[in-house]
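What follows is the residue order along each chain.
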Amino acid sequence: VPLVDFDSEVPYSFKSRDQAAQNAGQCQVLCQKSWQSQYQCSNKCIFTATEFDDLLWEVGQGGNLTLNNAVTYITGSIELKGGRSLIVNGALVADDNISIGESYSWTRQGKKQEGFSQITINQPTPTTPSGLLTKRKINFGPYSSFQDINIVGVIYANDETKLISMPKSFNVLGGIIARKVSFTSLWQWL
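Residues numbered from 1 in each chain as written. Predicted model: local features only at pLDDT ≥ 70, side-chain atom pairs only at ≥ 80, totals over all residues. Heavy atoms only, no water.

1. Quick look at the pairing of strand 10 (residues 105–108)
Looking at chain direction, strand 10 and strand 11 (residues 111–114) are connected through four bridges and run antiparallel. Looking across to strand 11, one finds that Arg 108 is bridged to Lys 111. Between strand 10 and the antiparallel strand that follows it, strand 11, lie two residues; Gln 109 among them carries a positive phi value of about 55°. (Pairing = 2+ DSSP bridges. Helix = DSSP H or I, 4+ residues; strand = E, 2+ residues; numbered from the N terminus.)

2. Observations regarding the environment of Arg 84
Inspection of the secondary structure assignment puts Arg 84 in the loop between strand 6 (78–80) and strand 7 (85–89). Relative accessible area serves as the criterion here: at 0%, Arg 84 is assigned to the buried category. In the structure, Arg 84 is positioned 37 residues away from Phe 47 in sequence and 18 Å away in space, judged by C-alpha atoms. Residues within four places of Arg 84 in sequence aside, it is in contact with Leu 56, Trp 57, Val 59, Gly 60, Gln 61, Gly 63, Trp 106, Gln 113, Phe 116, Ser 117 and Gln 118. A distance of 2.9 Å separates a polar side-chain atom of Arg 84 from the backbone oxygen of Leu 56. Only 2.7 Å separates the side chain of Arg 84 from the backbone oxygen of Gly 82, close enough to count as a polar contact. (Buried < 20%, exposed > 50% of the residue type's maximum accessible area, 1.4 Å probe, protein only. Contact = heavy atoms within 4.5 Å. Polar contact = N/O pair within 3.5 Å; in protein donor to acceptor, adjacent residues only side chain to side chain.)

3. Side note on the packing of aromatic side chains
Applying the stated rule across the entire model yields seven aromatic pairs. On the basis of an interplanar angle of 45° and a centroid distance of 6.1 Å, the ring pair of Phe 6 and Tyr 156 is categorised as tilted. Of the two residues, Phe 6 sits in the segment before helix 1 (14–23) while Tyr 156 sits in strand 15 (residues 149–164), which places them 150 residues apart along the sequence. Under the relative-accessibility criterion, Phe 6 is labelled buried at 3%. Aromatic side chains Phe 140 and Phe 170 sit 4.9 Å apart centroid to centroid with 80° between the ring planes, which places their arrangement in the edge-to-face category. Of this pair, Phe 140 sits in strand 14 (residues 138–140) while Phe 170 sits in strand 16 (residues 170–184), placing them 30 residues apart in sequence. Through a chain of ring-to-ring contacts, the aromatic side chains of Tyr 104, Phe 116 and Tyr 143 assemble into a single cluster. (Phe/Tyr/Trp six-rings, centres within 6.5 Å; stacked < 30°, edge-to-face > 60°.)

4. With respect to helix 1
Phe 14, Ser 16, Asp 18 and Ala 21 are the residues of helix 1 that are buried. For helix 1, the secondary structure elements touched by its buried residues are strand 3 (46–48), strand 5 (71–75), strand 8 (91–94) and strand 13 (131–134). At the C-terminal side of helix 1, Gly 25 shows a positive phi close to 75°.

5. A short note on the side chain of Ser 117
You can see Ser 117 is positioned in the loop between strand 11 and strand 12 (118–122). A polar side-chain atom of Ser 117 sits 3.5 Å from the main-chain amide nitrogen of Lys 81. A distance of 3.3 Å separates a polar side-chain atom of Ser 117 from the backbone nitrogen of Gly 83. If sequence neighbours within four positions are ignored, Ser 117 has contacts with Leu 80, Lys 81, Gly 82, Gly 83, Arg 84, Tyr 143, Ser 144 and Ser 145.

Structure (structure tokens):
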């Protein structure tokens, strides 16, 4: 697996670039609850796993979280579940595992929310990095799409990438790089 500089102190690591963008006020995250208008819910590029979970919970079941950062860095794991849609206009980078649609429901604060969760990754400009990158594993589960998944960029896992029981087509314009890639029970085109 080719090496990626996630978080070294050099200015071109993903985390260093994010810190510079955050310090310059160039970060924007938009929330949109189901059937409501979009609003800016954060001006950060770097989040802990708990902070990122809080944003996903804020949009609610059927809501959209849009990351308008060249790179969004999560110090921890990411779990997209409970009927959320995540739109990444650039690259989403994590220190730990990334799980998309492995769980159908999400219970928090005594409330249960359910649904298919969706991720879309766009490359806003030809020079913008784009994709889904992690130091560990990326898992696309059976609840990971209610429509076709479209990713422009690279899916990069230092360990393993798994696609399990994908109900819709999975389109990657870029590449999948991992130590191990696993496809199980795909129902549509890859």
